[in-house]
Amino acid sequence: MNANNSKIDIRSLSLEALQQHFITLGEKSFRAKQVYEWLWQKSCISFENMSNISKELRTKLEDKFTINNVTINNSQYSADKTIKNSFKLHDTHLIEGVLIPTSERMTACVSSQVGCSLTCKFCATGYMDRKRNLNPDEIYDQVVLLSQQAQQNYGIPLTNIVYMGMGEPLLNYANVLKSIERITAEDGLGMAAKRITVSTAGIAKMIKKLGDDEVRFNLALSLHAANDIKRNEIMPINEQNSLKALAEALKYFYSKTKSSVTYEYIVFNNFNDELQDAVELAKFCKHIPCKVNIIEYNPISFADFTNAGEDKIEAFAAYLRKQGVITNVRRSRGKDIDAACGQLAVKDQAAALVE
């Protein structure tokens, strides 16, 4: 049994809740703010290192609280400078996160769940069970570790964060939003919300909730087909979240936030790579201001999909642009270490997790 089980996870507490604990400990409440800043602004993972706190208080904190920090289990380095990390959580579960350097930006790709429950047919994580949601501090820690890695390896700070790792962020809604609040807060990491993108497979009611909450970060939708029959085939979640329902939710989201949306679209060989597919996608794009990222497919051992030919991809993109749709063709990075989009599966634990 973990000795820390009886201790309170200090980062699960709001500042106000922490202040109440300090009062019961016979301490001044302003001390709680000092500790809170150590935890969230300075990313401190040891009470011992909180240098402006008395030794006596540090001992009290050690007795009552725990910091369930995430650690790097191992790292793999791609020829294109992408770094994939296996992160170990306090309960020994493993997740993955990726640092993606390009000439324009330094991006941290973080996970929101241990595994995933959505079973998208082309995604390695979709073949794993969902074990649990990540807590806000576990998402925050991934950003901190990837930021440190960016500085240590490339001397460049993080410029962007994408919630595109393992899991469906909108099925861990409260924790994902809390993590973003800590990452963007002045007494947190102070990162601009517009540099953060949350990617969803498409849960209509939660997209509407993002609108109600008037979020300031970017939203991306993994679309991959603008045809219900095809989308049902590769993304079972579409059966309860049809394209019509998604379109209504996206219109609502846009009406509340005035934020354009990015549609992610993998062009699969002989599946969704014909002109008619591009016609359907262009039509779907008319609902709200948006752009399309055409993503190169990264094969996985679980599935038989292959990437469409270069000529098909270029023709697809050309048609969308001709229809006035802002379209980017994204080349995958980190493929040689299974760090590319759709490949995250914690290989050394995959067999156990898919049991």
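Here, every reference points to the structure presented above.
Bear in mind that the values here come from a model prediction, so they are computed numbers and not experimental data.

(A) Main features of the pattern of salt bridges. Enumeration according to the criterion identifies 16 salt bridges in this entry. Between Glu138 and Arg132 there is a salt bridge; the shortest N-O distance is 2.9 Å. The residues Glu138 and Arg132 share a single accessibility class, namely buried. Linked through salt bridges whose partners overlap, the residues forming this network are Lys178, Glu181, Arg182 and Asp187.

(B) View of the packing of helix 4 (residues 136-154) against helix 5 (residues 173-184). Two elements in contact, helix 4 and helix 5, have axes separated by 8 Å at closest approach and are oriented at 45°. Here helix 4 lies oblique to helix 5, going by the angle between them. Seen along the crossing, helix 4 lies across helix 5 with a hand that is right-handed. On helix 5, the residues touching Pro136, Ile139, Tyr140 and Val143 of helix 4 are Asn175, Val176, Lys178, Ser179, Arg182 and Ile183. Considering only residue class, the contact of helix 4 with helix 5 consists of six nonpolar, two polar and two charged.

(C) Molecular detail of unusual backbone geometry. With a phi close to 80°, Lys81 is a non-glycine residue in the positive phi region. Structurally, Lys81 can be placed in the loop between strand 3 (71-77) and strand 4 (83-88). Using a relative accessible area of 51% as the deciding quantity, one classes Lys81 as exposed. Unlike most non-glycine residues, Lys258 shows phi in positive territory, near 55°. Within the element layout of this structure, Lys258 appears in the loop between helix 8 (243-257) and strand 12 (261-266). Exposure remark for Lys258: the relative accessible area of 56% places this residue in the exposed category.

Cut-off values and rules
- All chains use their own residue numbering, which begins from 1 and follows the written sequence.
- The predicted origin of the model limits local features to residues at a pLDDT of at least 70 and limits the giving and counting of side-chain atom pairs to 80 or more, whereas totals for whole chains, interfaces and linings rest on all residues.
- Based on all heavy atoms of the structure, the side-chain values leave hydrogens and waters out of the count.
- Any carboxyl oxygen of Asp or Glu within 4 Å of a side-chain nitrogen of Lys or Arg constitutes a salt bridge here.
- Categorising residues by exposure relies on relative accessible area from a 1.4 Å probe, with only protein chains included: less than 20% of the type maximum marks a residue as buried, more than 50% marks it as exposed, and the intermediate range marks it as partly exposed.
- Under this scheme, a helix contributes an axis fitted over its contacting stretch, all axes are lines through C-alpha atoms, and angles between N-to-C directions fall in the 0 to 180 degree range.
- Helix and strand definitions follow DSSP, with helices as H or I runs of at least four residues and strands as E runs of at least two, each counted in order from the N terminus.
- Roughly parallel means an angle under 35 degrees; roughly antiparallel means over 145; roughly perpendicular covers 65 to 115; every other angle is labelled oblique.
- Helix crossings get a hand from a simple test, with the near helix turned counterclockwise from the far one by less than a right angle marking a left-handed crossing and a clockwise turn marking a right-handed one.
- It only takes one pair of heavy atoms within 4.5 Å for two residues to be counted as in contact.
- Residue type decides the class: Asp, Glu, Lys and Arg count as charged, Ala, Val, Leu, Ile, Met, Phe, Trp, Tyr, Cys and Pro as nonpolar, and the leftover types, Gly among them, as polar.

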